[in-house]
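# Fold and geometry: a report
Residue-level listing of the chains:
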Amino acid sequence: MAAYPFAQIEEKWQRYWDEHETFETPDEPRVAEDGTPREPYYVLDMFPYPSGSGLHVGHPEGYTATDIVARYKRKQGFDVLHPMGWDAFGLPAEQYAVKTGTHPRETTEQNIATREINTTDPDYYKWTQWIFLKLYEKGLAYQAEVPVWWCEELGTTLANEEVIDGKSEVGGHPCERVPMRQWMLKITDYAERLLGGLDDLDWPASTIKMQRNWIGKSTGAEVDFGVVGHPEDHLRVFTTRPDTLFGATYMVLAPEHPLVSKVTTEKQAGAVEDYIREAQQKSELERTELQDEKTGVFTGGHARNPVNGEKIPIWIADYVLATYGTGAIMAVPAHDERDYDFAKKYDLPIREVVRPPGDADAPRSDAPEGAYVEKEGTLVNSDSSGHAVGGIAEQGVSLNGLSVAEAQEKIIAWLDDEGQGRAATTYRLRDWLFSRQRFWGEPFPILLDEADEPKPVPEDALPVTLPDIDSYEAIGSGKSPLEGLPEWVETNDPETGAPMRRETNTMPQWAGSCWYYLRFIDPGNDELPVDPEKEKRWMPVDLYVGGSEHAVLHLLYARFWHKVLYDAGVVSTKEPFQKLVHQGLILGEREFTRYLDEDDHAVSAEHVSDGSDGKIDQRTGEPVRAVEVPKEEVEKRGDHFVLEADPDIRVEARAHKMSKSRGNVINPDEVIEEYGADALRLYEMFMGPLEQVKPWSTDDVAGVSRFLGRAWRLVAGEDARDLDSSNALADPITDARPSSQQLRTLHQTIENVTDDIEGLRFNTAIAALMEFVNEARSWDALPRGVAEDFVLLLSPFAPHLAEELWQRLGHSGSLAYEPWPELVEEHLEEDTVEMAVQVNGTVRATIAVDAEAEEEAVLGRARAEENVQRHLDGKEVQREIYVPGRIVNFVAGG
RNA sequence: GCGAAAGUGGCGGAAUUGGUAGACGCGCGAGGUUUAGGACCUCGUGGGGGGCUCCCCCGUGCGGGUUCGAGUCCCGCCUUUCGCACCA
């Protein structure tokens, strides 16, 4: 039998909330009893985003946390907006999973029905298109030819990750890089603001850092190098170390650099072409992963260093990325590790120009081993001031003797004066490739004329809806499936009537989720994405909870759109999400694994490591296979778990990510079936800190379920078996005044639970509620007022049970808007306190002393303790440490 | 390779201003209750030791240090997890 009748209780109260629209968020602020309007509080979960592993208990974790905060804030007198919705675009095959993915609302209640939004609803994506038009009007959406992987056999384009060794991951068909017309969003225009905006956000430091790294701001200089034999051209490089210009002994271009063919000499043409072809076959993944050995070829051409007129060779190498900076670098092997490796391999000259601090005077004929990359030291070998620099400047420049910082400043000024360079900032962030050749996405509100010139669809013609078709399959040749629907594609210019074609690419998955938090505020508006008054009232989102896998993509894209909407006057805040928390992953139950080699001999776990093709015995390189071991056959020896039957064989003990293939997925529906939604909520929060990765343990769910049963019986009575035993109360519920001891227990609980919810420490908040119940069960009688406050404290965590108990305590309505119990400090005060007495830092006794006791009296009591005397015997007390209410420490020696 | 976070009982985790380490829960043990129980109740539970209402020693990844006092602060390692990975 269940610990308490949760099934009846939960069904009853879910129906009640639904019928009474208990959690409806009003558009107009509610007014508190004293006439002041309630403050708004906006708490939001990231859109459910279905994955291949289907529905599992990780899903409700974030929702439960936000639901607890929402319920708590309502009791604190806030108007709370806590909506839910889903993003169904992008993954048609998983739409069913998306729908079941929203099912966890059973655990978070149907408090959202009237604000539900769905990105695939034309009434929603009308405004996604509207926002795209704003981007377009501002010149932030443009078309460009971008190389993408194209697979002829599969008839589709593929992402970088889907191509290995120039072949498709699926089927192994050959692929090639083809430039295609793509829509791009100019997120780079906002790089600086996206960076600056991070400063004032209450976000996890790691996420802020990831965004900073992603944006990747570098400051330095652009420098123009002349091309020998081509006076009309120059090679522009970006460098963060312009101080090392005199140390540049060669240049390297990315294989895709536009000037490669021009600088290549006839003699080198064959080698260069071969190299470029090879580089093209590699995916970007390979180019970066196979980093062990750098490769490159000499073009035969030379460049001229603007600071000294030196003629240096031009190479091409794929360690220089076409997409970063200018796609060309000056190589300073003495002060850059990559350049150093390359110079060593191809025997290129290395010239030291920054001498590390400490050996400034040491004369050096040979370049030192390795690259010195620190920015401390003194410039050497950097002087062209005695002469004109041929064709560039009348007078050279000297950096010798300067620090790195001084040298940078001086050389940038000199380059600027001579027109050969300038201070510059570069970002790693690239413009956002915004089009997909898929059916299931938002259509672009764009028409193309006969010359392929885009023209926006007028606002009043939105939305541009997807056609109603059965087959979503690709039609080949790199075209969107929409292209095969002439009746949809062919249209007329609504202004001139001229024949036009619709843009057939669709928007990527991220589009709809870039602004959904605004739509929740005003879901039915057909005039605007969101009403400005309402936007002002609710924004920004006060608490945003979601997985860290979106740390860069969604959170960066949404911030970008938000800033564009701010510039367009649509929103009043510069940042959308004020406070952000990532819930930690929930892993499967802990498993014990042993390993067997091919002959079924046991292999101790410490010898097993990851091979290229699964687990191997690292001593022999032989493959091993994993076998699960029941936990009864395992014991702990020292730091490791071993087989009970053979203690020399270690087993691996760890929890794994839930996945269908591993078969360790816990389904929340089954947990709810057995223990109820309140128990599931409570357990998910009790497991540990919200942000932390935690292993699931079904046994532990039983523990919190027992606690709920004890709470139920504490208030409803030991005999309360089901709802039919009417509105029974426990006999010991009394109308007598609570004792000071009872008040102290209650108010300690109020203090702990309140502080812990504020800090999102739900695990310790629940522990405090458990302590209350453990204590209260020993009382002869439970005063009604104490019981009521306890039920209110419990209610954010176990709302169904709390409502039922609240009703049994004599209330007719929901407790959802009952005020949160207030802490009364004086109830916390204790008459006596326990203090530890130490001798030389080790506890030798504890004494109960009057809370008001004077230091001397306490020390006297402490000294009088028998065990303290024993340890002080024959010693002289040199010092007495007294920390009121906490500790006494006698420091004795001799 | 670089960066960040974290290492506490058999397990999940408490103890974030240095002040009685192990709250709370699981598991385990003993007892009670029950026709029965994967229910409920009571007590115990870091390890070791003793002459066992009590006392002693050891104990928060490892090695040093600061302090009357360190899980907490400092220095140096080790391990794990998560990011980033030629960004000039």
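Below is a summary of the structure that appears in this document.

About the thresholds
- Residues numbered from 1 in each chain as written.
- Chains lettered and ligands numbered in written order.
- Predicted model: local features only at pLDDT ≥ 70, side-chain atom pairs only at ≥ 80, totals over all residues.
- Heavy atoms only, no water.
- Helix = DSSP H or I, 4+ residues; strand = E, 2+ residues; numbered from the N terminus.
- Contact = heavy atoms within 4.5 Å.
- Areas by Shrake-Rupley, 256 points an atom, 1.4 Å probe, with all protein chains shown as cover.
- Axes fitted to C-alpha atoms, helices over the stretch in contact; angles between N-to-C directions.
- Parallel < 35°, antiparallel > 145°, perpendicular 65-115°, else oblique.
- Nonpolar A, V, L, I, M, F, W, Y, C, P; charged D, E, K, R; others polar.
- Near = heavy atom within 4 Å.
- Polar contact = N/O pair within 3.5 Å; in protein donor to acceptor, adjacent residues only side chain to side chain.
- Pairing = 2+ DSSP bridges.
- Salt bridge = Lys/Arg side-chain N within 4 Å of Asp/Glu carboxyl O.
- Core = buried A, V, L, I, M, F, W, Y, C linked by side-chain atoms within 4.5 Å.
- Buried < 20%, exposed > 50% of the residue type's maximum accessible area, 1.4 Å probe, protein only.
- Phe/Tyr/Trp six-rings, centres within 6.5 Å; stacked < 30°, edge-to-face > 60°.

### Some thoughts on the overall build of chain A
The helix and strand tally for chain A stands at 26 helices and 38 strands. A fraction of 70% describes how many contacts in chain A between residues 6 or more apart in sequence connect residues 24 or more apart. Summing over all exposed atoms, chain A offers an accessible surface of approximately 42000 Å²; the carbon and sulfur share of this is 45%.

### Points about the packing of helix 2 (residues 59-75) against helix 19 (residues 677-686)
Contact geometry for helix 2 and helix 19: axes closest at 9 Å, N-to-C directions at 100 degrees. The angle between helix 2 and helix 19 places the two elements in the roughly perpendicular class. Residues Pro60, Glu61, Thr64, Ala65, Asp67, Ile68 and Arg71 of helix 2 pack against Leu680, Arg681, Glu684 and Met685 of helix 19. Considered class by class, the residues forming the contact of helix 2 with helix 19 number five nonpolar, one polar and five charged.

### What about the protein's contact with RNA strand B?
In the vicinity of RNA strand B, 55 residues are found, and the nearest of them are Thr240, Lys294, Tyr324, Arg338 and His871. Backbone atoms, meaning sugar plus phosphate, form 67% of the atoms of RNA strand B positioned within 4 Å of the protein. With respect to RNA strand B, the side chain of lysine 294 contributes an N or O atom lying 2.3 Å from a base oxygen. Asparagine 763 is positioned with one of its side-chain polar atoms (N or O) 3.2 Å from a phosphate oxygen of RNA strand B. Considered class by class, the residues forming the surface near RNA strand B number 20 nonpolar, 15 polar and 20 charged.

### Some details on the sheet that holds strand 18 (residues 446-448)
The four strands are arranged 19-18-21-20 in an open sheet whose pairing can be described as antiparallel. Sheet topology places strand 19 (454-456) and strand 20 (490-492) at the edges, where each strand pairs with a single neighbour. In this sheet, adjacent strand axes meet at a mean angle of 45 degrees when their direction is disregarded. Bridge count for strand 20 against strand 21 (residues 499-502) is three bridges, and the pairing is antiparallel. Opposite threonine 491, over in strand 21, you have methionine 500 as the bridge partner.

### Side note on the pattern of salt bridges
In total, this model carries 38 salt bridges according to the counting rule given. Here arginine 761 makes a salt bridge to aspartate 756, at a shortest N to O gap of 3.2 Å. Salt bridges sharing common partners tie together Glu222, Asp224, Arg236 and Arg422.

### Considerations on the nonpolar core
Formed by 78 residues in total, the largest nonpolar core has its most connected members in Trp696, Phe762 and Phe797. Broken down by element, the residue count for this core peaks at 10 residues, all from helix 20 (residues 698-716). Formed by 74 residues, the second largest nonpolar core is a distinct cluster that contains Trp130, Phe444, Trp488 and Tyr557.

### Quick notes on helix 19
Burial analysis of helix 19 places nine of its 10 residues in the buried class, which makes it a mostly covered element. Listed in full, the buried residues belonging to helix 19 are Ala677, Asp678, Ala679, Leu680, Arg681, Leu682, Tyr683, Glu684 and Met685.

### Description of the packing of aromatic side chains
Scanning the model with the defined rule gives 35 aromatic pairs in all. Judged by centre distance (6.1 Å) and plane angle (10 degrees), the ring pair of phenylalanine 132 and phenylalanine 434 falls under stacked. Of this pair, phenylalanine 132 sits in helix 5 (residues 122-137) while phenylalanine 434 sits in the loop between strand 17 (432-433) and strand 18, placing them 302 residues apart in sequence. For the pair shown, phenylalanine 132 and phenylalanine 434 are each scored as buried. Between tyrosine 516 and tyrosine 517, the ring centres sit 6.2 Å apart and the planes meet at 80 degrees, which makes this aromatic pair edge-to-face. Residue tyrosine 516 is classed as buried on the basis of its relative accessible area of 1%.

### Considerations on the sheet that holds strand 35 (residues 832-839)
If you trace the four strands from one edge of the open sheet to the other, you get 36-35-38-37, paired in mixed fashion. A single partner strand is all that each edge strand has here, and the edge strands are strand 36 (842-850) and strand 37 (876-883). Neighbour-to-neighbour, the strand axes of this sheet turn through a mean angle of 20 degrees, independent of strand direction. In this sheet, strand 36 lies alongside strand 35 in antiparallel orientation, the contact comprising eight bridges.

### A look at the packing of helix 20 against helix 24 (residues 799-808)
Direction vectors running N to C along helix 20 and helix 24 enclose 10 degrees, while the axes themselves pass 10 Å from each other. Here helix 20 is positioned roughly parallel relative to helix 24, judged by the angle of their axes. Facing Leu708, Ala711, Trp712, Val715 and Ala716 of helix 20, the residues of helix 24 in contact are Leu801, Glu804, Leu805 and Arg808. Partitioned by chemical class, the residues of the contact of helix 20 with helix 24 number seven nonpolar, no polar and two charged.

Purely geometric stuff here, so don't read any function into it on its own.
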